[in-house]
Amino acid sequence: MRKKIYVYGIVQGVGFRPFVYNLCKKFGIAGYVMNTASGVCIDAQGDPDSLEKLLKEIQHNPPSLSIVEHIEVYDCEEKNYTEFKIMQSADDGGFIPVSPDMGICDECLEELFDPGNRRYRYPFINCTNCGPRYSIIKDIPYDRPMTTMERFKMCRDCQTEYDNPDDRRFHAQPNACPICGPHVFWVDDGSATLEGEKALKRAIVLLNEGRIVAIKGVGGFNLAVDATDETAVKRLRKKKHRYDKPLAVMVADIDMAKRFAVISGVEENVLLSQRRPIVLLKKKASLEHFIAPSVAPDIDTIGVMLPPTPLHYLIARDFDRPLVMTSGNLSEEPIAKDNSEAMDRLKGIADGFLLHDRDIFARIDDSVSMVIDGKEMVIRRARGYAPQPIVYTSPVESQKLHKGIEVLALGPHDKVTICVAKNNYFFISQHIGDMDNVKTIQYFKETIERYKSLFRVQPDIVAYDMHPDYITTQYALTIEGLKKVAVQHHHAHIASCMVDNGISQKVIGVAYDGTGYGDDDKLWGGEIMIADLHSYHRQYHLKYIPLIGGATAIRKIYKVGLSYMFESGYDFELFKKRIDKKEMELLKIQWEKKINAPEVSSVGRLFDAVATVIGLRDYTSYEGQAASQLESLISLSVNGYYEYDISDEGIINPVSIVLSAYKDREAGVDLSTISTKFHNSIVMFTVDAVKRVRKVSGLNDVVLTGGVFQNRYLLENIKSQLEQEGFCVYVHRKIPCNDGGISLGQAAVALYSS
Ligand SMILES: [Zn+2]
Ligand SMILES: [Zn+2]
Ligand SMILES: [Zn+2]
């Protein structure tokens, strides 16, 4: 009996062919296995029983890094095969998901620190179960000549491993050793270039002196500095122009992290996973004795990561203290990836460079995850996650995708990702950034071209945000020959959460964020809608408040506080004292006449208003700063909430919440109590509004989405209270709830409404 078996999914660069080869040898099957541009093709001839066993193994026990999406089997005429072979790759013009870059596996880690191993302390050790993938791949099919490893010719030992199907390094494309592979070297202003162990030693010496070292990682450069040295951390912040935004730290192992962070079992698993994200953990009180205060000021969480590569392991263990690890860039620019680029762009920041000669083809940042409600939720999706596609398996909608329509979606303005979609695959890109500088815009354009070519997508539709001023919108409008679909921001948020959960039925969507453009030309951000992938109908939203100063109020949040103050008609005596009298008069006129005061219905701005009227802060230097600080003040022992108004016309009026918070502060109530009652108020009005929507619509499924749902307390409490009311609640997991998920939602809406 002879069968042709096609396997689709992440099946290249993950040891799939040797896995099949070994099974076929074991079961006495003849034929061949081959990578194609769309997956793996197996031509297998043997007795029916063996072929059945082979299929079962592929379905149930594939290699650890592989993801089998689906399998097609065809019966064929028997041929005169006598043995089983691994054949050269063939390009059949199809497309295939590319594996993300994966952190070092346990076996390689053991070899790395085994003095008897030929790769002892070799920073580029890898195998079919680990190592770089996406960042080094130039094109598919995934073979060494198509990667940046092309120029390293394997030595005899490495080639033997590479050719031996029984070896862990069989066809491991980045396979290398100290004899034949890439090397690290050190460059700084003073001394001559150092290589290998000397380079590593020099890096450790500088780090011990509190200096800043640029380290070339998987998808770009990191800047490292001693996380226990306050002066050193402050110096890094100043040079990077990054003043308050929390920095992540890298630790050598879990025990080191436990000295300053609370780690649950699930969090430990996420930290240890080969995707190696930064995980947001709760700080321990003992942190102050260990981690410099300016690593993550004013908040109760800290981002922690285990070493993502063998090189990082060598540094982490040699240094033996936590290191700040931040993207190698000036604030808000994309991460630097090439040696010369890094030395040019980072020369004013880093005191030395730990470089290597394995080129990075595609830049990709570190990912960020958190554990919410007992499960991982990705909030910045990059290394280790992208470009793994989201396969939308909803039985109703996925049928329509086979119409052959392909989509390019461009995201919003901040935290931009792009997404290309074909069949039921959504290839959402790694985090690109905020479209505020030329370098990020360039990176955005590069990423579009890379995803189109790597996944063989020729879009019929371009999807983009409704906001007319976004650079992504303007870019979309310049693309000729494509159908153009503008997608409402919060509809896109809801759609992305639906695809994340594989659902397609009508839902009650709760979308809370900073701001997104509404179809009435106002700025939305506190929206409760009935929606599916085709359409949306706004049911409830926060009352519109004129946002004095427009975009400037996003950093000068006292203007948001003033907007609420004027709205309430109450005299915020103490609050007024902090603001210049002349400016106050001007702002009042602006509010009255609605000059440069766009109306907003945003929950993000409500957080800003409360933070400022209770005296927490008047300015922010990064998005979500006031909200994170308020969340950090929560006390689980506080009950109670502030009164709000909700009308049958669909308006939730939170002005009384801000006023009550202010009055509490005036009466000397502590910040922790106020913050908790404020959070409880949002939980209350959300559950209230959702119940009202159910009453009129009969809908019972709720989607929670938007950047505000990075707030653990809000998400967990709204979810559990809705569940107590009998709702079925969906939250984000694989796709960020913030604007990093928008491109996927846009793609889904464009596909299904077309
Ligand atoms: Zn490995
Ligand atoms: Zn070698
Ligand atoms: Zn948003």
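Residues numbered from 1 in each chain as written. Chains lettered and ligands numbered in written order. Predicted model: local features only at pLDDT ≥ 70, side-chain atom pairs only at ≥ 80, totals over all residues. Heavy atoms only, no water.

## A short note on helix α17 (residues 581-593)
- Look at α17: 19 Å from first C-alpha to last across 13 residues, which is about the 18 Å you get at 1.5 Å a residue.
- Listing the buried residues of α17 in full gives M584, L587 and W591. Projected onto a plane normal to the axis of α17, the buried residues spread over an arc of 65° and lie on a single side. Away from its buried face, by an angle of more than 90 degrees, α17 presents the exposed residues K582, L586 and K593.
- Next to the buried residues of α17 lie β27 (545-546), α15 (558-568) and α16 (573-577). (Helix = DSSP H or I, 4+ residues; strand = E, 2+ residues; numbered from the N terminus. Expected span 1.5 Å × (residues − 1). Buried < 20%, exposed > 50% of the residue type's maximum accessible area, 1.4 Å probe, protein only. Arc of directions from axis to C-beta. Contact = heavy atoms within 4.5 Å.)

## Here we look at the nonpolar core
- One finds F260, V295, L354, I528 and L562 to be the most contacted residues of the largest nonpolar core, which totals 157 residues.
- With nine residues, the top contributor of residues to this core is helix α21 (residues 671-697).
- Ranked by size, the runner-up nonpolar core spans 58 residues in total, among them V11, L410, I432 and I441. (Core = buried A, V, L, I, M, F, W, Y, C linked by side-chain atoms within 4.5 Å.)

## Examining the pairing of strand β23 (residues 483-487)
- Judged from the five bridges that link them, strand β22 (residues 461-465) and β23 form a sheet pairing that is parallel. Bridge pairing in β23 links A463 to V485.
- At this point the chain moves from β22, through helix α13 (residues 471-478), to the parallel β23, and the crossover so formed is right-handed. (Pairing = 2+ DSSP bridges. Right-handed = clockwise from strand over helix to strand, strands pointing away.)

## With respect to the sheet that holds strand β21 (residues 425-428)
- Strand order in this open sheet of six strands is β18-β21-β20-β19-β22-β23, and the pairing throughout is mixed. Two strands close off the open sheet at either side, each with one partner strand: β18 (390-391) and β23.
- The strands touched by helix α14 (residues 489-501) are β18, β21, β22 and β23; relative to β23, the strand with the most contacts, the crossing angle is about 95°.
- Here helix α23 (residues 742-753) sits on the sheet in contact with β18, β19 (407-409), β20 (419-422), β21, β22 and β23, set at roughly 150° to β21. (Axes fitted to C-alpha atoms, helices over the stretch in contact; angles between N-to-C directions.)

## Some thoughts on the coordination of the zinc ion (ligand 2)
- For the zinc ion (ligand 2), the full set of protein donor atoms is C155 (SG), C158 (SG), C177 (SG) and C180 (SG), and the range of their distances to it is 2.2 to 2.3 Å.
- Around the zinc ion (ligand 2), the four donor atoms sit at angles spanning 105 to 116°, and that spread fits a shape best called tetrahedral.
- Counting residues between consecutive donors of the zinc ion (ligand 2) along the chain gives the motif C-x2-C-x18-C-x2-C.
- Since its relative accessible area comes to 11%, C180 is described here as buried. (Donors = N, O, S within 2.8 Å, 3.2 Å for Na, K, Ca; no water. Tetrahedral: all angles 85-135°; square planar, octahedral: opposite > 155°, others 65-115°.)

## With respect to the sheet that holds strand β5 (residues 84-86)
- Read from one edge to the other, the open sheet built from five strands follows the order β4-β1-β3-β2-β5, with strand pairing classed as mixed. In this open sheet, the two strands that pair with only one neighbour each are β4 (67-76) and β5. Averaged over all pairs of adjacent strands, the angle between strand axes in this sheet comes to 15°, irrespective of strand direction.
- Bridge count between strand β1 (residues 2-10) and β4: nine bridges; the pairing is antiparallel. Looking across to β4, one finds that K3 is bridged to D75.
- Sitting on the sheet, helix α1 (residues 16-27) is in contact with β1, β2 (30-35), β3 (40-45), β4 and β5, with an inclination near 170° to β5.
- On top of the sheet, helix α2 (residues 48-60) reaches β1, β3 and β4; it is set at about 160° to β4, its chief contact.

Purely spatial values, then, with no claim about function.
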